[in-house]
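Coordinate inspection notes
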Amino acid sequence: MLTADRTGAMPPARPGKALPPNALLLNCFGRGGSSIVWNIIGSSPDVLMPDCEWHEGVFGRFYKLRKAACHVGGAVNWASVPFLWRHMRAATAETILPGERNEKFQARYVVLKVMDYYIAFDDTIARGFPKARNLVLTRHRLPMCEGLMRSGLSEARLS
């Protein structure tokens, strides 16, 4: 069974699936250019990159659970629930492709794309990565709105 040490650091999720203690949390909103930034950061030889966004890797096909957790969001101190942050770290380890691990065997970071309402989980994610750093990506509201409209949303739905 996995247990945290006294400092709250998490041991490797599974043999061969160890993650570095450093995480870069790219906090962003959809349609804001985050995929470009995420891929640029992930192209560094010092950074492991998951094959999916953080919420997809952690919650997977449990869409309703994802939505319920987001609605509760900041009202619950998720970081105080050891099972949850341990699961988040283990699930993150599972999203790193073997090829990525082989090519970047000395990587010191993992970059996680944390979007929209899932930013409420930053403290919980950081609990599983003792040396987590937040990166915040913002975008001017006009091009953000234009990007959402190009995605098929109407002006009425944006307001």
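What you see is a predicted model, and the numbers here were worked out from it, not measured in a lab. (Residues numbered from 1 in each chain as written. Predicted model: local features only at pLDDT ≥ 70, side-chain atom pairs only at ≥ 80, totals over all residues. Heavy atoms only, no water.)

To continue, consider helix α4 (residues 82-94). For α4, which comprises 13 residues, the first-to-last C-alpha distance of 18 Å matches the rise-based estimate of 18 Å (1.5 Å per residue) to within 8%. Residues Leu 84, Trp 85, Met 88, Arg 89, Ala 90, Ala 91, Thr 92 and Ala 93 constitute the buried set of α4. At its buried positions, α4 is contacted by α2 (54-59), α5 (98-103), β3 (109-115) and α6 (122-128). (Helix = DSSP H or I, 4+ residues; strand = E, 2+ residues; numbered from the N terminus. Expected span 1.5 Å × (residues − 1). Buried < 20%, exposed > 50% of the residue type's maximum accessible area, 1.4 Å probe, protein only. Contact = heavy atoms within 4.5 Å.)

So, about helix α3 (residues 63-72). Looking at α3, one finds that the buried residues are Arg 66, Ala 69 and Cys 70. The buried residues of α3 all sit within an arc of 100° when viewed along its axis, so they share a single face. Residues of α3 that are exposed and angled more than 90 degrees away from the buried face: Lys 64 and His 71. (Arc of directions from axis to C-beta.)

Scanning the model with the defined rule gives five aromatic pairs in all. A ring pair is formed by Trp 54 and Phe 121, whose centres lie 5.7 Å apart and whose planes are at 40°; its orientation type is tilted. Of this pair, Trp 54 sits in helix α2 while Phe 121 sits in the loop between β3 and α6, placing them 67 residues apart in sequence. Classification of Phe 121 by relative accessible area gives buried; the value is 1%. Clustering of aromatic rings is evident, with ring pairs tying together Trp 54, Phe 59, Tyr 118 and Phe 121. Seen from the ring of Phe 129, Arg 89 lies directly overhead, with NZ or CZ sitting 4.6 Å from the centre. (Phe/Tyr/Trp six-rings, centres within 6.5 Å; stacked < 30°, edge-to-face > 60°. Lys NZ or Arg CZ within 6 Å of the ring centre and 35° of its normal.)

Per the counting criterion, the structure on display carries three salt bridges. Where Arg 108 meets Asp 46, a salt bridge forms, and the shortest distance between an N and an O atom there is 3.5 Å. Of the two residues, Arg 108 is situated in the loop between α5 and β3 and Asp 46 in the loop between α1 (34-42) and β2 (47-48); the sequence distance between them amounts to 62 residues. Judged by relative accessible area, Arg 108 falls into the partly exposed class, the value being 45%. (Salt bridge = Lys/Arg side-chain N within 4 Å of Asp/Glu carboxyl O.)

Within the largest apolar cluster, 24 residues are counted, with the highest numbers of intra-cluster contacts made by Trp 54, Leu 112, Phe 121, Ile 125 and Phe 129. Broken down by secondary-structure element, the contributors of at least two residues to this core are β1 (22-28), α2, α3, α4 and β3. Among the elements that take part in this core, α4 stands out by supplying four residues, more than any other. With residues up to four places along the chain from it excluded, the contact list for Phe 129 reads Leu 19, Pro 20, Pro 21, Asn 22, Ala 23, Arg 89, Thr 92, Val 110 and Leu 112. Formed by seven residues, the second largest nonpolar core is a distinct cluster that contains Trp 38, Ile 41, Met 49 and Val 111. (Core = buried A, V, L, I, M, F, W, Y, C linked by side-chain atoms within 4.5 Å.)

Now for the confidence of the model for the protein. Model confidence for the protein is summarised by a mean pLDDT of 80, while 85% of its residues fall at 70 or above. β2 holds the highest mean pLDDT among the elements of the protein, 96, whereas helix α8 (residues 155-158) holds the lowest, 62. Every residue in residues 1-15 is under pLDDT 50, and counting partners more than four places away or in other chains gives 23 contacts. (pLDDT = per-residue confidence, 0-100.)

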